[in-house]
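The chain contents come next:
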Amino acid sequence: MAKRDYYEVLGVNRDASDEDIKKAYRKLAMKWHPDRNPDNAKAEEKFKEAKEAYEILSEASKRSAYDQYGHAGVDQAAAAAGAGGQAGFGDMFSDIFGEIFGGGRQGRSNVFRGADLRYNLEIALEQAAHGFETKIRIPTLAACETCKGTGAKPGTQPTTCTTCRGAGQVRVSQGPFSIAQTCPRCHGSGKMVAHPCATCSGAGRVKHQKTLSVRIPAGVDEGDRVRLSGEGEAGVNGGPPGDLYVQVHLKPHAVFQRDHDDLHCEMPVSFAAAALGGDVEVPTLDGSAKINVPGGTQTGKTFRLRGKGIKGVRSQAPGDLFCHVVVETPVNLTARQRELLQEFEAISQKDSARHNPRAKGWFDKVKEFFES
């Protein structure tokens, strides 16, 4: 299985600071640590994945190599630094089986597609409901304009690597097997740059900030992604660029909570209004609406406004708005209000079964409980 992007694993943008990376790792480590998730293979795998991502992104040189070449960059660096330049177990395993079943990796192209990028975009609920266009600024790697991506000083050209003769790999004997490993001299590119470009130091790519216009469609939800084809990192050795994925995150809303295409909100109703009934004005994403609250409405009563939710990206019709009644007990009473309520309570107690049937039923059950 292909490794996930390290920035995506930690849930940070590519321009994240060292402190942001550390905070993200600590959060994931606390969540997925094996001691907190005993006998949970998935949690252990998540923990290892986060640890690996942090080990690369927390070290400047490794992060730089990863930013330039993706997983290939850090894998090649690890292979070159290993004892005797031997390939890691994963490479050795795949090379052995490649040799047995025909071919190995000698003929593999040294042209690599650029890495995909992810950008986290926080938007308001109203923006998600109606859609909008915005501009984002992202850090990426672009082909060096000075050397046109070759890595060589203008007027010169890269030469074929004399160690691997352009294959990008060398083969060594491991007992009865012939093992292919990344060339330690050209790091898999198959080329050598005798006179590096002064702008990119021979990498062929440079860090670059670019501004893009993104159209967020109406109805997007938390976690949805908008793909910008070809706006990822530049490829290596003339390879195609990767893609940019703009991942949507919804900001908390002061009034509504979203549940897919439906919306929910609390509807505070005064004690008197709940008892007497009447029209209550409630907000929607398209303006206000009126709900007729019948007399005697209790806390927990839900009113449904059809079609006043959100029409999702893949939905045929908008969802509904659910208004949940919360009867509000009055506070900070004046002397006159207290007097009137005391009079009201005294009158109500004369026929409590009629005016407070739920309370009467509850007290009857309590009485039966103690008498039984």
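How each quantity is defined
- For every chain, the first residue of the written sequence is number 1, and numbering continues from 1 onward in sequence order.
- Only residues with pLDDT of at least 70 are given local features in this predicted model, and only at 80 or more are side-chain atom pairs given and counted; all residues enter the totals for whole chains, interfaces and linings.
- The side-chain values count all of the structure's non-hydrogen atoms but skip hydrogen atoms and water molecules.
- The secondary structure listing takes helices from DSSP runs of H or I that are at least 4 residues long and strands from runs of E that are at least 2 residues long, numbered from the N terminus.
- Classification of residues uses two cut-offs on accessible area relative to the type maximum, computed with a 1.4 Å probe and protein chains only: under 20% is buried, over 50% is exposed, and between them is partly exposed.
- By definition, residues are in contact when any of their heavy atoms lie within 4.5 Å.
- Helices are assigned an expected span. That span is 1.5 Å times one less than the residue count.
- The definition of a polar contact used here is a pair of N or O atoms within 3.5 Å, where within protein one atom must be able to donate a hydrogen and the other to accept one, and adjacent residues in sequence count solely through side-chain atom pairs.
- Strand pairing is assigned whenever DSSP detects at least two bridges linking the two strands.
- All axes here are fitted lines through C-alpha atoms, helices being fitted over the stretch that makes contact, and every angle between N-to-C directions spans 0 to 180 degrees.
- The term salt bridge refers to a side-chain nitrogen of Lys or Arg lying within 4 Å of a carboxyl oxygen of Asp or Glu.
- Every angle not falling under 35 degrees, over 145, or within 65 to 115 is termed oblique; those three ranges are roughly parallel, roughly antiparallel and roughly perpendicular.
- For this classification, the nonpolar set comprises Ala, Val, Leu, Ile, Met, Phe, Trp, Tyr, Cys and Pro, the charged set comprises Asp, Glu, Lys and Arg, and every other residue, Gly included, is treated as polar.
- For patches, a residue must show more than 30% relative accessible area and have no salt bridge; joins then use 9 Å for like charges and 5 Å for nonpolar side chains, namely Val, Leu, Ile, Met, Phe, Trp and Tyr.
- For the area figures, the Shrake-Rupley method with a 1.4 Å probe applies, and any residue is considered shielded solely by the protein chains shown.

**As for the overall build of the chain**
Helix and strand content of the chain: 11 helices and 15 strands. Expressed as a percentage of the 372 residues in the chain, the buried residues total 34%. Relative to all contacts within the chain whose residues are 6 or more apart in sequence, the contacts with residues 24 or more apart total 65%.

**Topic: helix α3 (residues 41-57)**
The terminal C-alpha atoms of α3, which comprises 17 residues, lie 25 Å apart, in line with the 24 Å expected from a rise of 1.5 Å per residue. Within α3 the residues assigned to the buried category are Ala43, Phe47, Ala50, Ala53, Tyr54, Ile56 and Leu57. Looking at where α3 begins, the residue whose side-chain oxygen comes 3.2 Å from the main-chain nitrogen of lysine 42 is asparagine 40.

**Some details on the sheet that holds strand β1 (residues 117-123)**
As summarised here, the arrangement of the three strands in space is β1-β9-β8, forming an open sheet in which the pairing is mixed. Two strands lie at the open edges of the sheet, namely β1 and β8 (225-228), each paired on one side alone. If you compare each strand with its neighbour and ignore which way they point, the axes differ by 25° on average. Inspection of the sheet shows β8 paired to strand β9 (residues 244-250) by four bridges, in the antiparallel sense. If you follow arginine 227 over to β9, its bridge partner there is tyrosine 245.

**Brief notes about the pattern of salt bridges**
Applying the stated criterion to the full structure yields 15 salt bridges. With a shortest N-O distance of 2.5 Å, glutamate 55 and lysine 51 are connected by a salt bridge. Taken together, the residues glutamate 55 and lysine 51, both in helix α3 and four residues apart, mark about one turn of the helix. Residue lysine 51 is classed as partly exposed on the basis of its relative accessible area of 36%. Among the ionic pairs, lysine 210 bridges to glutamate 231, the shortest N-O distance being 2.9 Å. Within this pair, whereas lysine 210 is found in strand β7 (residues 205-216), its partner glutamate 231 is found in the loop between β8 and β9, the two being separated by 21 residues in sequence. Owing to a relative accessible area of 16%, lysine 210 belongs among the buried residues under this scheme.

**Thoughts on the packing of α3 against helix α4 (residues 60-69)**
One way to put it is that α3 packs onto α4 with a least axis distance of 6 Å and a crossing angle of 100°. In terms of orientation, α3 and α4 fall into the roughly perpendicular class. On the side of α3, the interface is formed by Glu55, Ile56 and Leu57, while α4 contributes Lys62, Arg63 and Tyr66. Looking at side-chain class alone, the contact of α3 with α4 contains three nonpolar, no polar and three charged residues.

**What about unusual backbone geometry?**
Phi angles above zero are rare outside glycine, and serine 201 is one such case at about 60°. Within the secondary structure, serine 201 sits in the loop between β6 (191-192) and β7. The phi torsion at asparagine 332 lies on the positive side, around 55°, for a residue other than glycine. Note on placement: asparagine 332 falls in the loop between β15 (321-328) and α9 (335-349).

**A look at a nonpolar patch on the surface**
A cluster of nonpolar side chains, Phe271, Leu341 and Phe344, forms an exposed patch at the surface whose accessible area comes to about 260 Å². Within the secondary structure, phenylalanine 344 sits in helix α9. Residue class for phenylalanine 344 comes out partly exposed when judged on its relative accessible area of 45%.

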